[in-house]
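Each chain, written out:
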Amino acid sequence: MSKVYVQSGQLVVPDCVTVPFIEGDGVGAEITPVCQKIVNEAVKIAYDGKRSIEWMEVLAGEKAFKQVGEWLPESTLAAFRDYLIGIKGPLTTPVGGGITSLNVALRQTLDLYVCLRPVRWFKGVVSPLKEPQNVDMYIFRENTEDIYAGIEWEQGTPEAKKFLNFLQNEMGVTKVRFPETSAFGVKPVSVEGSKRLVRAAISFALQHKLPSVTLVHKGNIMKFTEGGFKRWGYEVAETEFAESTFTMNQYDKLKHDLGEESAKAAIAEAVNTGKLIVKDCIADAFLQNTLLMPDDYSVIATLNLNGDYISDQLAAMVGGIGIAPGANINYATKHAIFEATHGTAPNIAGKNVVNPCSLLLSSVMMLEYIGWDEAAVLITNALEKAFENGEATNDLARFMPNGTSLATDEFGQRIVELL
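Worth saying up front: this structure is predicted, and the values here are computed from it rather than measured. (Residues numbered from 1 in each chain as written. Predicted model: local features only at pLDDT ≥ 70, side-chain atom pairs only at ≥ 80, totals over all residues. Heavy atoms only, no water.)

**Q** Where do I start with the overall build of the chain in this structure?
**A** For the chain, the count of helices and strands is 15 helices and 17 strands. For 419 residues, the compact-globule formula gives about 22 Å, and the C-alpha radius of gyration of the chain, at 23 Å, lands near that figure. Projected onto its principal axes, the C-alpha coordinates of the chain cover approximately 60 × 60 × 50 Å. When the 419 residues of the chain are sorted by exposure, 50% land in the buried category. Partitioning the contacts of the chain with sequence separation of at least 6, the portion at a separation of at least 24 is 72%. Carbon and sulfur atoms make up 52% of the accessible area of the chain, which amounts to about 19,500 Å² in all. Positive and negative side-chain charges in the chain, numbering 38 and 51 respectively, have mean positions lying 2 Å apart. (Helix = DSSP H or I, 4+ residues; strand = E, 2+ residues; numbered from the N terminus. Rg over C-alpha atoms; globule rule 2.2 N^0.38 Å. Buried < 20%, exposed > 50% of the residue type's maximum accessible area, 1.4 Å probe, protein only. Contact = heavy atoms within 4.5 Å. Areas by Shrake-Rupley, 256 points an atom, 1.4 Å probe, with all protein chains shown as cover. Lys, Arg positive; Asp, Glu negative; His and termini not counted. Charge placed at Lys NZ, Arg CZ, Asp CG, Glu CD.)

Structure (structure tokens):
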């Protein structure tokens, strides 16, 4: 087994690389082998058989619970730690006590602080937008803080009462409308967590020569958490990336000090010299703007809950979550887990109708992450050809004017043929 490792801060990838994978629950058993077949063939073609992937299954979810009595075995976490990269299908959330979300547990245990969700439109896929080709964004969603930290107390419990007592008697809080019947949650947002997320987003934008990074927040209401995220994000841009960025924060200061014309001249110069523009937008306005003028946005940096809403809306704008890929990454340690972004879909599991494209495009992200871009391009091009021909699984094909519905395994075989 050959592992990816880090040397001088860079990934080193052997020609035959071992990739741990979680098959996934529900439809995971159908999409995972299809995706592996396509990836194997793409790698073989791209590198004339000189490179390959050895898939190593690790357990999580219902399959793990049935086999070893645990939802997330330590051996699975150890494999992802050791091999640095991995990929997973959708997982069932256990009912009752213990881990409330296996996905959140993986992200937090391995400190995969970036949830990266690229969103783009494929020609041939039906979209609710008139001009879906203008949607081309990368969402950097903070993965470990905010309300997903899971700090809350149920209404009526001694813990909730104790917390209420602390708020009222220690902190002088008087704004809880119905104190005796309230549940409570805590929303931690840190300087370190915010800055490393924004740092990753800016680095990504510069590396890929993208025009802007937008800090999406609700700082007009939550001034110290979401507002802090905005402030700390601008600090990263203006101190760590001063030579290569121009921020709207700087624009506002110039406008205040020197007037609007000077500010406009400064931003025009920044654009003309190819500087990255770092701006911000209130979350609710941003959701509207993405529908009205999506080409104004490129890379998005935002907190956990905002990112959850934004990712799903943008996915719907280009055809749905069935073709939305995702990755959870720690850019410092280089650990990364790529994943299907949809659920286990038990209502269609075993029927050979599920769309494998979310996991397949996440596989493309994985190939890009390890530097195997040629194989990634082959898969993306094959998908584009299939969709243009109206060839897709039923969830997409039924809306295409020339749509031909293919079963999951048939669609996978068609992509192999188009490679």
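Still more to cover.
**Q** Any chance you could explain empty space enclosed by the protein here in plain terms?
**A** Unfilled space is identified by rolling a water-sized probe across the atoms. Taken as a whole, this structure holds one cavity of 30 Å³ or more when the rule is applied. Computed from the structure, the largest cavity encloses a volume of approximately 60 Å³. Residue lining of the largest cavity: Phe21, Ile22, Thr32, Cys35, Gln36, Trp55, Ile87, Lys88, Gly89, Leu359 and Ser363, and that is the complete set. Taken together, the elements giving at least two residues each to the lining of the largest cavity come down to β3 (16-22), α1 (28-46), β5 (85-88) and α12 (357-369). Considering each element in turn, the lining of the largest cavity owes the most residues, three residues, to α1. Here the residues of the lining of the largest cavity sort into six nonpolar, four polar and one charged. (1 Å grid on protein atoms, 1.4 Å probe; cavity = no way out; pocket = protein on both sides within 12 Å on 5 of 7 lines; lining within 4 Å. Points joined across faces, edges and corners; volume = space filled by probe spheres on them. Nonpolar A, V, L, I, M, F, W, Y, C, P; charged D, E, K, R; others polar.)

**Q** What am I meant to see in the environment of asparagine 347 here?
**A** The residue asparagine 347 is located in the loop between β15 (336-340) and α12 in this model. A relative accessible area of 55% means that asparagine 347 is categorised as exposed. For the pair formed by asparagine 347 and proline 128, sequence separation is 219 residues and the distance between their alpha carbons is 25 Å.

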